[in-house]
Amino acid sequence: MKDIARPLLLGHLSIWPPFVSAPMAGYTDGVFREILREFGCPYCCTEMVSAKGFLLGGDNTLEILEHSPSDRPLAVQLFGEDPEIIARAAAKIQELEYKFDVIDVNMGCPARKITSQGAGGALLKDIPRAQAIVRALKGVSALPVSAKIRLGWDDPGRAVEFAEALYDAGLDLLVVHGRTVSQGYSGRSDWDTISEIARNLPIPVIGNGDVLSPEEALFRLKSSGCSGIMIGRGLLGNPFFFTGLTRFLESGERPPAPSFDEKMSVAAEHFRRAIKRYGERRGLLEMRKHLAFYFKGFRGASRLRELVNREDSPERVLEILEKGWRDAL
Ligand SMILES: Cc1cc2nc3c(=O)[nH]c(=O)nc-3n(C[C@H](O)[C@H](O)[C@H](O)COP(=O)(O)O)c2cc1C
């Protein structure tokens, strides 16, 4: 099994196994990333950060950038539409006490508040601007520069041309989510086009979209010609994904799905760390989203979700996660 996958090489980084966590705003904060690392995730990316917001000193952006020293290698993801502002932000980020390994630009976000500024997925409509951003970043960055794209705004027909244009501008790594911006999350990720991009580009390409199991991750790696695979929603409530992958790579065997007991024990640890990081009130709110995913797929999940959403006391929620869930099932 091992021989079908090779480490993903990027500058001085060697990422093994070549399966990485997707950035997901509101979910892949430092707390969740640390848990993913403990299960074997070799590479992560921060939630997206506004380049302008960071330069203006927004507290929220600084909070997104904070991470523990063990949370490496780590990409920082910036969004913006102005090449000079993005480059200034990248230069300043490299002076922070928190160290990063890759500078990534978001060129795929479909949220209207981002695209209406000409940022995120809107860059797919403007090749010269997207290239100017990559060039500006290469001018200030001692780190590899990556971009995370979708296949186009509403037509995947120019995806290869866009990818090649970024490569010409000096890009070091490309991540491709196989949907157009106008598709949102509907339909299926188009792995044929992802594969066409991977086979045309001389730099590493990471494919992304709808990978929900270790078997699928390995199948996509083998069949697409990508250097790596990125997993997003499949990790929510499921950091076990990486143990499954490692085991599958080493022995070809799929380990049994985690028991509810195991899931609740990881959820409780996630919860404790979130409360420590954000305080009681905010930690509780942040964790409600995650807990819904940890409960998913088990009999009694909706009852448990209701129970924890009604609780205002972190101690009570922790009690439910540690043992009270048994009575709720
Ligand atoms: C809740 C949520 C937040 C996301 N936030 C970001 C983000 O900040 N930056 C980004 O590039 N992509 C973001 N994405 C897109 C994911 O990184 C990924 O491309 C997408 O979910 C498809 O992969 P999947 O099918 O494995 O989930 C987000 C997706 C979700 C579901």
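Every value quoted in this text rests on a predicted model; they were computed, and no experiment measured them.

**Some points on the overall build of the chain**
Part 1 of the argument: The number of helices and strands found in the chain is 14 helices and eleven strands.
Part 2 of the argument: Relative to the globule expectation of 20 Å for 329 residues, the C-alpha radius of gyration of the chain, 20 Å, shows essentially globular dimensions.
Part 3 of the argument: Overall, the chain is about 60 × 45 × 35 Å in size when its C-alpha atoms are taken along their principal axes.
Part 4 of the argument: A burial count over the chain gives 56% of its 329 residues as buried.
Part 5 of the argument: Pairs at least 24 residues apart make up 71% of the contacts formed inside the chain by residues separated by at least 6 positions.
Part 6 of the argument: Entry remark: accessible area of the chain is about 14,300 Å², with carbon and sulfur atoms responsible for 49%.
Part 7 of the argument: Averaging the positions of the 43 positive and the 43 negative side-chain charges in the chain gives two centres separated by 3 Å.

**A closer look at the environment of Met 287**
Part 1 of the argument: Here Met 287 shows up in helix H12 (residues 280-295).
Part 2 of the argument: The exposure class assigned to Met 287 is buried, which follows from its relative accessible area of 1%.
Part 3 of the argument: Sequence separation of Met 287 and Ala 274 is 13 residues, and the distance between their C-alpha atoms is 7.1 Å.
Part 4 of the argument: Look past the residues within four positions of Met 287 in its chain and what remains in contact with it is Ala 267, His 270, Phe 271 and Ala 274.

What counts, and where the lines are drawn
- Residues numbered from 1 in each chain as written.
- Predicted model: local features only at pLDDT ≥ 70, side-chain atom pairs only at ≥ 80, totals over all residues.
- Heavy atoms only, no water.
- Helix = DSSP H or I, 4+ residues; strand = E, 2+ residues; numbered from the N terminus.
- Rg over C-alpha atoms; globule rule 2.2 N^0.38 Å.
- Buried < 20%, exposed > 50% of the residue type's maximum accessible area, 1.4 Å probe, protein only.
- Contact = heavy atoms within 4.5 Å.
- Areas by Shrake-Rupley, 256 points an atom, 1.4 Å probe, with all protein chains shown as cover.
- Lys, Arg positive; Asp, Glu negative; His and termini not counted.
- Charge placed at Lys NZ, Arg CZ, Asp CG, Glu CD.

These results come straight from atomic positions and should not be treated as a statement about function.
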